[in-house]
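# Notes for the structure review
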Amino acid sequence: MDTNATAAPLSLAFSPCPNDTFVFDAWVHGRVPDAMPPEVTFADIDVTNGMAERGELDALKVSYAVLPWVLEEYALLPCGGALGRGCGPLVLTRPGAAGGGTADDDAVGDGAVGAATLSGRRVAVPSERSTAYLLFRLWAAAEVPGGVGEIVVLPFHEIMPAVRDGKVDAGLVIHEARFTYQDYGLHSLADLGEHWEATTGLPIPLGAIIAKRSLGAPTLRALAATISASVRAAWQDPAASRPYVLEHAQEMDPAVAEQHIGLYVNEFTAELGPDGYAAVRGLLERAAAEGLVPSVAPEALAFP
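Here the structure is a predicted model, which is why all the values come from computation and not from measurement. (Residues numbered from 1 in each chain as written. Predicted model: local features only at pLDDT ≥ 70, side-chain atom pairs only at ≥ 80, totals over all residues. Heavy atoms only, no water.)

Not every positive phi belongs to a glycine, and Asp34 is a case in point at roughly 65°. Within the secondary structure layout, Asp34 lies in the loop between α1 (18–28) and β2 (38–42). (Helix = DSSP H or I, 4+ residues; strand = E, 2+ residues; numbered from the N terminus.)

What follows deals with the packing of helix α8 (residues 192–200) against helix α13 (residues 273–289). Running from N to C, α8 and α13 point in directions that differ by 100°, and their axes come no closer than 12 Å. Here α8 lies roughly perpendicular to α13, going by the angle between them. Contacts from Trp196, Thr199 and Thr200 in α8 reach Ala279, Gly282, Leu283 and Arg286 in α13. When the residues that make up the contact of α8 with α13 are grouped by side-chain class, the tally is three nonpolar, three polar and one charged. (Axes fitted to C-alpha atoms, helices over the stretch in contact; angles between N-to-C directions. Parallel < 35°, antiparallel > 145°, perpendicular 65-115°, else oblique. Contact = heavy atoms within 4.5 Å. Nonpolar A, V, L, I, M, F, W, Y, C, P; charged D, E, K, R; others polar.)

Evaluated as defined, the whole model comprises five aromatic pairs. Plain terms: the ring middles of Phe24 and Trp27 are 6.1 Å apart, the flat faces sit at 45° to each other, and that makes the pair tilted. One end of the pair is Phe24 and the other is Trp27, both in helix α1 and three residues apart, which spans about a single turn. On the accessibility criterion, Phe24 (0% relative accessible area) is buried. Ring geometry for Phe42 versus Tyr244: centroids 6.2 Å apart, planes at 55°, classification tilted. Placement of Phe42 in strand β2 and of Tyr244 in helix α10 (residues 238–247) is noted, with a sequence separation of 202 residues between them. Joined through ring pairs, the aromatic side chains of Phe14, Phe24, Trp27, Phe42 and Tyr244 make up one cluster. Stacked on the ring of Trp69, the Lys or Arg Arg129 has its end atom at 3.7 Å from the ring centre. (Phe/Tyr/Trp six-rings, centres within 6.5 Å; stacked < 30°, edge-to-face > 60°. Buried < 20%, exposed > 50% of the residue type's maximum accessible area, 1.4 Å probe, protein only. Lys NZ or Arg CZ within 6 Å of the ring centre and 35° of its normal.)

Moving on, we get to the sheet that holds strand β6 (residues 90–93). As summarised here, the arrangement of the five strands in space is β8-β7-β9-β6-β10, forming an open sheet in which the pairing is mixed. Each having just a single partner strand, β8 (151–153) and β10 (187–191) make up the two edges of the open sheet. Each strand of the sheet is rotated relative to its neighbour by a mean of 30°, with strand direction disregarded. Both strand β7 (residues 123–125) and strand β9 (residues 170–173) contribute to a ladder of two bridges, which runs parallel. Residue pairing in the sheet places Ala124 in a bridge with Gly171 of β9. Strands β6, β7 and β9 of the sheet are contacted by helix α6 (residues 156–164), whose axis makes an angle of about 150° with β9. Along the sheet, α8 makes contact with β6, β9 and β10, crossing β10 at roughly 25°. (Pairing = 2+ DSSP bridges.)

A few words on the state of the cysteines. Summed over the entire model, instances satisfying the criterion amount to zero disulfides. Cys87 provides the cysteine sulfur closest to Cys17, a residue in no disulfide bond, and the two sulfurs are 13 Å apart. (Disulfide = S-S within 2.5 Å.)

The subject of this paragraph is the pairing of β10. Burial runs high along β10: five of the five residues are buried. The pairing of β6 with β10 spans four bridges and is antiparallel. Residue pairing for β10: Val91 is matched across the bridge by Ala190.

With that settled, the discussion passes to α8. For α8, the complete set of buried residues consists of Leu192, Gly193, Trp196 and Glu197. Taken end-on, α8 shows its buried residues confined to a sector of 135°, consistent with a single buried face. Lining the buried residues of α8 we find β6, α5 (131–143), β9, β10, β11 (204–212) and α13. Where α8 begins, the side chain of Asp191 points an oxygen toward the backbone nitrogen of Gly193, at a separation of 2.9 Å. Where α8 terminates, the next one or two residues include Gly201, which has phi positive at roughly 75°. (Arc of directions from axis to C-beta. Polar contact = N/O pair within 3.5 Å; in protein donor to acceptor, adjacent residues only side chain to side chain.)

Below you can see the structure in the form of structure tokens.
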């Protein structure tokens with residue numbers, strides 16, 4: 001676009017997951033009128049969390065769990081992130097181990113009885129600064145007597161094989177693992193999203209979009225409008241984003257990529273709204289009460 005020809009690019013990082021590439025495709029490829037051009041870095045969420053803590057880029061997709069450490073420098077944008085219902089992390093086990101059921105049992109485990117078998121066990125997680133980890137610790141505090149044992153941080157793609165091979169007793173998984181864990185012969189002991197929704201009535205806050213406060217309020221508002229427009233453009237013409245999504249989907253089955261997008265891109269992606277903000281506040285307040293994160297003042301979440 002001519003209006004962007006001389007504009008300095010905005011440094012932006014998000015994951016190669018289908019929901020993120022779907023959300024940002026129209027913006028990245030110049031289909032949002034008058035939008036500032038982005039300079040994109042692809043990185044998994046644990047990496048972008050670290051980038052945000054170091055203040056490295058203008059805008060990033062991060063875990064809501066990292067907000068207490070970055071809100072002084074970054075503002076939470078009211079769109080582009082991942083919240084929803086029925087989309088929470090899962091705690092997976094091997095059948096017959098740590099409360100696991102049969103290989104073809106995809107139901108949540110036997111409530112507190114199943115959860116109790118994780119007491120003192122080794123659990124693999126993708127990050128200790130992730131929303132999934134906060135949801136896991138909140139669930140474990142309520143459901144696992146005495147708490148779990150050793151927490152092992154593994155790259156996301158290594159967790160299900162580690163559980164399958166008995167290297168850990170259970171694994172915390174996110175995203176497309178909801179659709180593929182049975183391929184590894186694993187059992188869902190707990191759906192942490194179901195636990196969150198049952199105890200709060202709120203949607204599940206997972207990933208947030210943040211941008212540097214130093215960009216200034218007018219630029220932050222323009223950026224939010226650009227991201228919201230990019231989301232709506234993707235909904236209006238899903239086929240336009242498909243090449244970009246599949247290019248970065250790491251050999252994911254196209255049908256799984258479509259399921260992924262359908263689950264994680266929803267009305268909260270276009271606009272957080274009252275329920276979205278309530279979910280974010282609820283997560284951070286509960287986590288702070290458990291000593292998992294520093295307290296966050298409510299005004300720190302307000303959009304400029």
